[in-house]
Amino acid sequence: MATLTVNGTDVTVRDGATILDAARQIGIDVPTLCWYPTLPIVGNCRVCLVSVEGSAKLLPACATTAADGMKVTTESYAAVENRRGVLGMLLERYPAERIDERGAQNEFERMVKRYGVSVENRSGLPLRAGDDRAGDPMIQHDMSTCILCTRCVRACADIQVVGVLDVAYRGDHAEIIVGADGNPEHAGCTWCGECVRVCPTGAIHDVLPLAKFARDAMQKPATSVRSVCPYCGVGCQLDLEVRGTDVVRVNSPWIEEATPNMGSTCVKGRFGTDFVLHRDRLTTPLIRKGWVKRDGRWRYEGDPADVKRWGRRGGPWRDIEGESNTQKSRPRINPLRRLPTVGGPLGDPRDRVATPADWYEPFREGTWEEAMEIVAQELTRLRDSHGSDSLAVFCSAKCSNEENYVLQRLFRAGIGTNNVDHCTRLCHSSSVSAMQRAMNTSAASGSMREVECESDVIFLLGANTTESHPVFGAALKRAQRRGAKLIVADPRRIELAQRADIHLQMLPGTDVALLNAMLHHVIHLGLHDQAFIRERTHGFDEVARAVEPYTPERAETISGIPAHLIRRAAELYARGPRSSTLWAMGLTQHRTGTDIVASLLNLILATGMIGRWGAAMLPIRGQNNVQGASDVGAIPMVYTDYQPVTDPSIRHRFAQAWGVPDERLSLTPGLKVTQIVTKGSPVRGMYIMGENPIISDPDVAHAEEWFLGLEFLAVHDLFLTETARYADVVLPGASFAEKDGTYVNTERRVQLARKAIPAPGAARGDLEILLELSNRIGLPTPFSTAADVMEEIASVTPSWRGITHARLQETGGLQYPVEHATHPGTAFLFADRFPTADGKATLVPVEFLPPAELPDEEFPFWMNTGRQLYHWHTGTMTRRSQGLDSREPVPTVELSPADAAEMGVRDGDAVRITSRRNSIEIAVRLSPRVARHQVFVPMHYREAAANLLTNPALDPYAHIPEFKVCAVRIEPVAPGRHRALSVERIEPLVPAD
Amino acid sequence: MTPAEIGATHAPGHAPHGDRAHAHAEEYQPVFTGAARAELDALLTRYPTRMAALLPALWIVQRERGWVSEGAMTEVAHVLELTPAYVKGVVTFYTMYHQHPVGRYFVQVCTTSPCGACGAEDVVRAFLEHTGTRELGVTSPDGKFTVIEVECLGACGFATPVMVNDEFHESVTADRVQDILSKLE
């Protein structure tokens, strides 16, 4: 603690704080240029120099530690004159005329105005140059305004840990460069836009503010609305810059310790939100032609000719697949080379992956009244004629807690079925089932910041964090730089695997063997935490016996990981002292997903790597609200807060809260996604909100058959998705920017997103739609806003008791459990006990079981599926985002160069991948990241849908399908077909000359 | 991780630079293979960090290739676990790393004041004429010579000093130039 005086006011600061911190603490604004929150301090701009009594010279406020008794004057004559001098020198090479012409436009110009500096003498030097990233679809440079503060260089190197930018040349030739050759791609750029965020002059700027498509809007005054990124589970907070009724740009907060991202974003968050303004947005309800109203009832009387033409429903798959790359209208030249222009010679770039016009043909535009009537009538008809369980609903991990809560409430209390599920089933359901069994919890025990700043060892399994959760991926890289050890278990040599201290590169699906062997080794060395085991767990002895046969050598024969690496990893992990454990889909999406996670939990519990600050258990959640949707009861077995539907006393509480008789709520757990969409399921009618199972379910060709046979399907989405083609009624919903609501990120943080703009056309807020539907099927809802809904959620959800919209607004987010109205939230859990009856966790012995389908003579390759950096799930949003799509325009399969050479295929060749179920055509991307005889197919592309191939084998506990392993064969089909597209993409952005 | 594998670190989602960056352009041939690699590995044992070996690594590149291309900067970055931009920053800071191809014989003539007084200008002119380069910094048509003026070579007592690659010539006068050049193949 130090107490000093700044401009005559006393201030006490923590140890190590700088004069700048002290001044800002009491609201004194010392100007800074090179200083930026969370960046290393370099003190090179010299504008923050201040007078300190007793010091002969001025001292940099940003780099001088505050000392007891200091007397600081920030605006002394000397300090101000120095500042004016520095600004004046910077102005000598700055296009300063424009400041007078159009006023101060950026941080630097505002500072120039504030100190009344004008250009007195031109140095005679030309304006600065630098790499310009010409033609880049998202980020461009205009270095004439660069003042060499090097914020961008440090942001890239120290926040994102990439290092694309640096200063090159010397003296007055010094300039910012991009990599060695001006090509960001060669320098490893991920287009995160961190440089754009920190630039004080706009020398590095975003070229694809959504303003591109809303030029008129740019004339209107800007407001800023706080929101939450609609992509992954990190839950970055964003500021949407709104002009008129358009979101024209995504900014991110200057800094707030409370936000998970502290202002950082990845490429998707910063440049991937133009889908909101995409012309494909549905603006009116669509009703399948053939639905007519007679005598007050709606009936389907499709014209037989139409039915023949379109089928009773959309599809079929062969049509979707038929829209291969060659048939789609695409720019013939590299989209990166051209500035995006609206209506240029290439047409509107937004049409490139637009909804094909003929998808709309089977539908007619309807009114809300008609659409809601049909949905309500059909839901009640099926309920009354075939029973409640003939209906099912898919909630959405992309929609808010409030919406998911109202929708599951509608189906549970209004229809009377527990057939309520969402894509968590395809995601972390096996983690949830294993964690529930072991310690009765369903979420992370710790926080992301905790892992970044405190953990000594980070064990990452089956998670390509730098691409799937890039902001957290950067945090892990920062953690490693701080000194944390990184162990990565992944069949692919992903970026973090390359950086890792130990990479355990296993055959897909052999995790149990690895984890059992690690535990075996830990026990043999006596590194297990005996006190923790004794006091806080059951079942260790059984597990110790079960892992006894799993020697590292045996694990080596199963998984292919050298035994000595397994030993080293086990020792490193167990010695900690604080090891955090992170995992994602690589563990869960197996038919043994629950076993795999259970074996990991055994290791965590046996080594006591949980319940201490810095030893976190963190299943990394995939979607912005997959945690929240599960928390508010959008899964078949439980109400909110994982309260089982089978318990009559809990049912009674919910019946009371929802104003229905107890008997209305079913005591039978409902069907899960994979049980609903399967031959012989009792479901005849469905309501799907914001999910796209036709792309995301395993073996979709079979899923399609099932959808074709449905009696009634209502889909509620932003676009006419692949799934919506099978619907009877399509309801246009609102995007994340068009509604209020809360989302829960991967570390249990409930965050509030605000409505920024109105929904387009007649599209409506999702909550509004669901409330009306609820009322129409006879379940009155006492809510009018999302805040009202949150009140009810808090009243029935013990761990959310203290959460209200007002508090979220105030705090910037709360990590549940929040026990009462003033509770600050809980950053980490299980310090003293687990939430089980006796407070102890249980270890469960598990045996290794190979994946359901292994390569053989006929299908010699292992196929793995997953995400890419630039795309998101079924591509509904990202493929309609121009910047993202131009980075990754065609579906590609990662194939190892050795295998490719053997087959005689080259980068960009088309190959046909065939599994026992189906086949797709896809372009080859040579990648040393995949091991021999393994391929990786991204899941995002409808024209090469990975899930046509995947194996629907299910985990017996969680019913999660085995997306991660199936056997395929690969045949070259058309040499060079995609070469133009897939290879051109990586050519230099700036021609070499 | 081995340095060769670092390559892929820099392009998440894609093959490393070496594989793709020059897919169309002329294939980049790495410097650090065989003997040069062994030399670098030996060097690395003398430094506390890989980064510390950057200047000598660049010297190896310049010796092997005659200059430091952008491709080579990227290779050095990958080998030493640095970023390409950082390496370029270093290369462009120092004047003695060539950022363009130069002749096989790189002639540096000191033209600082004492040498200037002793006729360095004439020496420069003679080099330009006899090498056929005509202009400072330009490489002769046969690719053999590049001549530049430099600041003090630290031999004021023996003006005019000239360096031809690593070879040092003292007290050079215009009429000795042809003799010096004739000894070069």
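Note that this is a predicted model, so its numbers are computed, not measured. (Residues numbered from 1 in each chain as written. Chains lettered and ligands numbered in written order. Predicted model: local features only at pLDDT ≥ 70, side-chain atom pairs only at ≥ 80, totals over all residues. Heavy atoms only, no water.)

(A) Here's a closer look at the overall build of chain B. Regarding its fold elements, chain B presents 9 helices and 4 strands. Each helix and strand of chain B, placed in order from N terminus to C terminus, yields the pattern α-α-α-α-α-α-β-α-α-β-β-β-α. Here chain B holds 185 residues, and the buried ones make up 51% of them. Put simply, of all contacts in chain B between residues at least 6 apart along the chain, 60% involve residues at least 24 apart. Summing over all exposed atoms, chain B offers an accessible surface of approximately 9,000 Å²; the carbon and sulfur share of this is 54%. (Helix = DSSP H or I, 4+ residues; strand = E, 2+ residues; numbered from the N terminus. Buried < 20%, exposed > 50% of the residue type's maximum accessible area, 1.4 Å probe, protein only. Contact = heavy atoms within 4.5 Å. Areas by Shrake-Rupley, 256 points an atom, 1.4 Å probe, with all protein chains shown as cover.)

(B) Spatial organisation of the overall build of chain A. Helix and strand content of chain A: 34 helices and 39 strands. In chain A, buried positions account for 66% of the 993 residues. Taking the intrachain contacts of chain A between residues at least 6 apart in sequence as the baseline, contacts between residues at least 24 apart amount to 74%. Accessible surface for chain A amounts to roughly 32,700 Å². Of this, 51% is attributable to carbon and sulfur atoms. The averaged location of the 121 negative side-chain charges in chain A is 1 Å from the averaged location of its 111 positive side-chain charges. (Lys, Arg positive; Asp, Glu negative; His and termini not counted. Charge placed at Lys NZ, Arg CZ, Asp CG, Glu CD.)

(C) Unusual backbone geometry, seen in detail. At the junction of A:Gly576 and A:Pro577, the peptide bond is cis and its omega measures out at 0° in the coordinates. With respect to the secondary-structure elements, A:Pro577 resides in the loop between helix 21 (563–575) and strand 23 (579–583). Cis geometry is found at the peptide bond from B:Ala159 to B:Thr160, where omega equals -5°. With respect to the helices and strands, B:Thr160 occurs in the loop between strand 2 (145–150) and strand 3 (162–164). Unlike most non-glycine residues, A:Val161 shows phi in positive territory, near 50°. Relative to the helices and strands, A:Val161 resides in the loop between helix 5 (151–159) and strand 7 (165–168). Take A:Val161: its relative accessible area is 5%, and that puts it in the buried class. The backbone of B:Arg134 sits at a positive phi, close to 70°, despite the residue not being glycine. Residue classification places B:Arg134 among the exposed positions, given a relative accessible area of 64%.

(D) Examining the confidence of the model for chain A more closely. Considering every residue of chain A, the mean pLDDT works out to 88; 92% of them sit at 70 or more. The low-confidence segment residues 978–993 of chain A, where pLDDT is below 50, has 54 contacts with residues more than four positions distant or belonging to other chains. (pLDDT = per-residue confidence, 0-100.)

(E) Spotlight on helix 25 (residues 648–658) of chain A. Residue and element names in this part refer to chain A. For helix 25, the complete set of buried residues consists of Ile650, Arg651, Phe654, Ala655 and Trp658. Taken down its axis, helix 25 places every buried residue within 140° of arc, on the same side. Contact partners of the buried residues in helix 25: helix 11 (401–415) and helix 30 (786–796). Within two residues after helix 25, Gly659 carries a phi angle of roughly 70°, on the positive side. (Arc of directions from axis to C-beta.)

(F) Quick look at the environment of A:Leu949. All names here are of chain A. Mapped onto the secondary structure, Leu949 falls in the loop between strand 36 (934–938) and strand 37 (951–954). Accessibility expressed as a relative area gives 0% for Leu949, which makes it buried. Setting aside chain neighbours within four positions, we find Leu949 in contact with Met863, Ile913, Ser915, Arg917, Asn918, Ser919, Ile920 and Cys966.

(G) Structural context of the environment of A:Glu467. Residues and elements named next belong to chain A. The residue Glu467 is located in helix 14 (residues 465–468) in this model. For the pair Glu467 and Glu495, spaced 28 residues apart in the sequence, the C-alpha separation amounts to 8.8 Å. One polar contact links Glu467 to Arg929, side chain to side chain, over a distance of 2.8 Å. (Polar contact = N/O pair within 3.5 Å; in protein donor to acceptor, adjacent residues only side chain to side chain.)

(H) Molecular detail of the sheet that holds strand 1 (residues 105–110) of chain B. Residues and elements named next belong to chain B. Strand order in the open sheet made by the 4 strands is 2-1-3-4, with mixed pairing throughout. With one partner strand each, in any of the chains shown, strand 2 and strand 4 (167–169) form the two edges of the open sheet. Looking at each pair of strands side by side, their axes are set apart by 20° on average, direction ignored. With 3 bridges connecting them, strand 1 and strand 3 associate as antiparallel partners. Each residue of the ladder has a partner; that of Val109, found in strand 3, is Val162. Packing against the sheet, helix 8 (residues 120–131) makes contact with strand 1, strand 2 and strand 3, and its axis sits at approximately 160° to strand 1. (Pairing = 2+ DSSP bridges. Axes fitted to C-alpha atoms, helices over the stretch in contact; angles between N-to-C directions.)

(I) Structural context of the domain arrangement of chain A. Residues and elements named next belong to chain A. Here chain A is described as being made up of domain 1 (2–114), domain 2 (139–274), domain 3 (286–315 + 362–423 + 625–746 + 762–797), domain 4 (429–620) and domain 5 (861–977). Inter-centroid distance (C-alpha atoms) of domain 2 to domain 3 is 38 Å. Taken together, the contacts link 11 residues of domain 2 with 6 residues of domain 3. Interface of domain 2 and domain 3: buried area, both sides summed, is about 630 Å²; carbon and sulfur atoms make up 67% of it. When the buried area of domain 2 at its contact with domain 3 is split by residue, Val228, Pro230 and Gly233 rank highest and sum to 51% of it. Of the residues contributing to the side of domain 2 that touches domain 3, the split by class is 7 nonpolar, 4 polar and no charged. (Domains from an automatic or database assignment. Buried area = accessible area lost by both parts, 1.4 Å probe. Nonpolar A, V, L, I, M, F, W, Y, C, P; charged D, E, K, R; others polar.)

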